Amino acid sequence: MGQNDSNILIVDDEPGMREFLEIMLQKDGYTVETAADGSEAIDKIEESLFDLAIVDIQMPVLNGIEVLKKFN
């Protein structure tokens, strides 16, 4: 498995899902960052560029749609 240049953000309030996706994507050589909620995700979006985001839609405080709007 070669190194991949893609940077992926995973946003999910369920730790098990975040960890599973992170492990699977890292095995394929992707650079992965995770966020446990929408606020944390927005902080990361403001600090880094991501090629892809995997975002849970139903989360407390800020839902996934609100997070995805920050990518504009």
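Numbers given to residues run from 1 along each chain, matching the order in which its sequence is written. In view of the model being predicted, local features appear only for residues whose pLDDT reaches at least 70, and side-chain atom pairs are presented and counted only at 80 or more, with totals across whole chains, interfaces and linings using the full set of residues. As a rule here, side-chain values come from all non-hydrogen atoms in the structure, and water together with hydrogens is ignored.

### Some details on the sheet that holds strand 1 (residues 7-11)
Okay, so step 1: One open sheet accounts for 3 strands, arranged 2-1-3; its pairing is parallel. Because the sheet does not close on itself, it has two edges, and the strands there are strand 2 (31-35) and strand 3 (52-55). Taking each pair of neighbouring strands and ignoring which way they run, the sheet shows an average axis angle of 20 degrees.
Okay, so step 2: Here, strands pair whenever DSSP counts at least two bridges between them. Helix numbers and strand numbers start at the N terminus; a helix is a DSSP run of H or I with at least 4 residues, a strand a run of E with at least 2. Across 5 bridges, the pairing between strand 1 and strand 2 is parallel. Fitted lines through C-alpha atoms give the axes, limited to the stretch in contact for helices. The angle between two N-to-C directions lies from 0 to 180 degrees.

### A short note on the nonpolar core
Okay, so step 1: Judged by nonpolar contacts, L9, V11, A35, A41, I45, F50, V55, M59 and V67 together constitute the single largest core of 9 residues.
Okay, so step 2: Put simply, the parts of the chain that give this core at least two residues each are strand 1 and helix 2 (38-47).
Okay, so step 3: Residue contacts follow a heavy-atom distance rule, with two residues in contact if any of their heavy atoms lie within 4.5 Å. Every residue in contact with I45, bar those within four places of it in the chain, is listed here: L9, F50, V67, K70 and F71.
Okay, so step 4: Judged by nonpolar contacts, the second largest core, of 5 residues, contains I8, I10, L25 and V32. Within this scheme, the nonpolar core is defined by two criteria: the residues are buried Ala, Val, Leu, Ile, Met, Phe, Trp, Tyr or Cys, and they are joined through side-chain atoms within 4.5 Å. Exposure is judged per residue with a 1.4 Å probe applied to protein chains only, and the accessible area is read against the type maximum: over 50% gives exposed, under 20% gives buried, and values in between give partly exposed.

### Description of the pairing of strand 1
Residues in a regular strand project their side chains so that they alternate between the two faces of the sheet.
Okay, so step 1: For strand 1, the tally of buried residues reaches 5 of 5 residues, placing the bulk of the element in the interior.
Okay, so step 2: What you see with strand 1 is no split at all: N7, L9 and V11 on one side and I8 and I10 on the other are buried throughout.
Okay, so step 3: Whether a crossover is right-handed depends on one test, that the path from the first strand over the helix to the second runs clockwise when the strands point away from the viewer. After leaving strand 1, the chain enters helix 1 (residues 15-27) and then returns to the sheet as strand 2, a path that is right-handed.
Okay, so step 4: As judged from the 4 bridges shared by strand 1 and strand 3, these two strands associate in the parallel manner. Bridge pairing links V11 to V55 in strand 3.

### Here we look at helix 1
Okay, so step 1: What a helix should span is 1.5 Å times the count of its residues minus one. With 13 residues, helix 1 extends 18 Å between its outermost C-alpha atoms, agreeing within 8% with the 18 Å of an ideal straight helix rising 1.5 Å per residue.
Okay, so step 2: If you check which residues of helix 1 are buried, you get R18, L21 and L25. What you see down the axis of helix 1 is that its buried residues fit within an arc of 75 degrees, all on one side. Turned more than 90 degrees from where helix 1 packs its buried face, P15, G16 and K27 sit exposed.
Okay, so step 3: Check the buried side of helix 1 and you find it contacts strand 1, strand 2 and strand 3. Arc definition: directions from the helix axis to the C-beta atoms.

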